[in-house]
Amino acid sequence: EGNSLDPAIGYDLLSWDAICNCIAAPPLIFGAAGDGPYPNAVEALRVSPNNRVYTLRLRNGVRFQHGRAVTAEDYVYSWERVLSRKLASWASSYLYPIEGAEEVFKGKATSIKGVKIVNPMTLEITLQSPDLTFPYILAQPYMAAVP
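Here, residues in each chain are numbered from 1, in the same order as that chain's written sequence. The predicted origin of the model limits local features to residues at a pLDDT of at least 70 and limits the giving and counting of side-chain atom pairs to 80 or more, whereas totals for whole chains, interfaces and linings rest on all residues. Heavy atoms from the whole structure form the basis of all side-chain values; hydrogens and water molecules are not counted.

**Q** Got a minute to help me understand the overall build of the protein in this structure?
**A** Regarding its fold elements, the protein presents 4 helices and 6 strands. The numbering of helices and of strands both runs from the N terminus, where a helix is a DSSP run of H or I of at least 4 residues and a strand a run of E of at least 2. Starting at the N terminus and ending at the C terminus, the protein contains elements arranged as α-β-β-β-β-α-α-β-β-α. Expected size for 147 residues packed as a compact globule is a radius of gyration near 15 Å; at 14 Å, the protein falls within 12% of this value. Counting only C-alpha atoms and orienting by the principal axes, one finds that the protein spans roughly 40 × 35 × 30 Å. Taking all 147 residues of the protein together, 46% fall into the buried category. By element, 54% of the accessible surface of the protein is carried by carbon and sulfur atoms, the whole surface being about 7,700 Å². Positive charges come from Lys and Arg, negative ones from Asp and Glu, while His and the chain ends are left out of the count. Every charge is mapped to an atom, namely NZ of Lys, CZ of Arg, CG of Asp or CD of Glu. Taking the average place of the 13 positive charges on the side chains of the protein and the average place of its 14 negative ones, the gap between the two points comes to 7 Å. A radius of gyration in this sense is built from C-alpha atoms; the matching globule rule multiplies 2.2 Å by the number of residues raised to 0.38. Burial status follows relative accessibility: with a 1.4 Å probe on protein chains alone, a residue under 20% of its type maximum counts as buried, one over 50% as exposed, and anything between as partly exposed. Per-residue and other accessible areas were derived by the Shrake-Rupley procedure at a 1.4 Å probe size, with only the shown protein chains allowed to occlude residues.

Here it is as structure tokens:
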């Protein structure tokens, strides 16, 4: 039995398998052999030439368990939730490459400066500096949207 089915709190292998394969959809996902990451809840990922801006176009048809479609706003909510000191997610520091994420965690801001909703199905993420590990972060369970 895993420690939690909440993507912001679950951290053991059983939780991650259940979260990624049955419950939630992180933007990207790893293949069965650990390869990737590949698109999961996004249909397209574009990275700017300076490797600081990631544009994620969400895939149509991704829905929460209760049937509502997942939108860009859900991801923003979920990531700000991971950064909430009240929730105390073990994963909060993994979002620090995003411009303004650490300020949200420290209570100096209420929203992540580097996350912009372009339209209901598109997000733009600006990093503080280029980070080659960021696609791997997008494939982690704590990056999944919650309603």
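**Q** Whenever I open this one, the pairing of strand E6 (residues 122-126) confuses me. Can you help?
**A** Two faces, one strand: in a regular strand the side chains alternate between the faces of the sheet. In terms of burial, E6 is largely enclosed, as 4 of its 5 residues are buried. With 5 bridges joining them, strand E4 (residues 53-58) and E6 adopt antiparallel strand pairing. In the strand pairing of E6, Val 53 is matched with Thr 126. For two strands to pair, DSSP has to find at least two bridges joining them. Taken together, the 4 bridges between strand E5 (residues 115-119) and E6 define a ladder with antiparallel strand orientation. If you follow Ile 117 over to E6, its bridge partner there is Leu 123. Linking E5 to E6, which pair antiparallel, is a turn of 2 residues.

**Q** Before we go on, may I ask you to explain a nonpolar patch on the surface in this structure?
**A** A contiguous nonpolar surface patch, about 340 Å² in accessible area, is contributed by Tyr 11, Trp 90 and Tyr 94. You can call Trp 90 partly exposed: its relative accessible area is 34%. In this scheme, patches are assembled from residues that exceed 30% relative accessible area and form no salt bridge. Like charges are connected within 9 Å, while nonpolar side chains (Val, Leu, Ile, Met, Phe, Trp, Tyr) are connected within 5 Å. In the sections that follow, a salt bridge refers to a side-chain nitrogen of Lys or Arg positioned within 4 Å of a carboxyl oxygen of Asp or Glu.

**Q** It is not clear to me how the nonpolar core should be interpreted in this structure. Could you clarify?
**A** The nonpolar side chains of soluble globular proteins are, as a tendency, buried together. Membership of the largest hydrophobic core comes to 37 residues, with the highest contact counts inside it found for Trp 79, Leu 95, Ile 98, Ile 125 and Leu 138. Mapped by element, the contributors of at least two residues to this core are E4, helix H2 (72-82), helix H3 (101-105), E6 and helix H4 (134-137). For this core, the element with the highest residue contribution is H2, accounting for 5 residues. Pairs of residues are marked as contacts when any of their non-hydrogen atoms sit within 4.5 Å. The contacts of Trp 79, once residues within four sequence positions are left out, are Pro 27, Leu 95, Ile 112, Val 115, Leu 123, Ile 125, Leu 138, Tyr 142 and Met 143. Residues grouped as a nonpolar core are buried Ala, Val, Leu, Ile, Met, Phe, Trp, Tyr and Cys residues, joined through side-chain atoms within 4.5 Å.

**Q** In this structure, what is going on with the layout of surface pockets? I would like to understand it.
**A** Rolled over the atoms, a probe sized like a water molecule indicates the empty space that remains. The rule is simple: put a 1 Å grid over the protein atoms alone, call a set of points where a 1.4 Å probe fits but cannot get out a cavity, call an open set with protein on both sides within 12 Å along at least five of seven lines a pocket, and count a residue as lining if it has an atom within 4 Å of a point. Grid points are joined across faces, edges and corners, and a volume is the space filled by probe spheres set on the points. Empty space within the largest pocket amounts to approximately 200 Å³. Trp 16, Asp 17, Cys 20, Asn 21 and Phe 30 are the residues nearest the centre of the largest pocket, which is lined by 13 residues in total. Considering every element that reaches the lining of the largest pocket, the biggest residue donor is helix H1 (residues 13-23), with 5 residues. Classification used: nonpolar for Ala, Val, Leu, Ile, Met, Phe, Trp, Tyr, Cys and Pro, charged for Asp, Glu, Lys and Arg, polar for all others including Gly. A class-by-class count of the residues in the lining of the largest pocket yields 8 nonpolar, 4 polar and 1 charged.

**Q** Would you mind showing me how to read the side chain of Asp 131 here?
**A** Here Asp 131 shows up in the loop between E6 and H4. Buried within the structure, Asp 131 lacks any salt-bridge partner; Arg 52 is the closest side chain of opposite charge, at an N-O distance of 11 Å. A polar atom in the side chain of Asp 131 sits 2.5 Å from the side chain of Thr 133. Contact partners of Asp 131, with chain neighbours within four places excluded, come to Asn 51, Tyr 54 and Pro 97. Side-chain atoms alone can form a polar contact between residues adjacent in sequence; in general such a contact is a pair of N or O atoms within 3.5 Å, and within protein one must be able to donate a hydrogen while the other accepts it.

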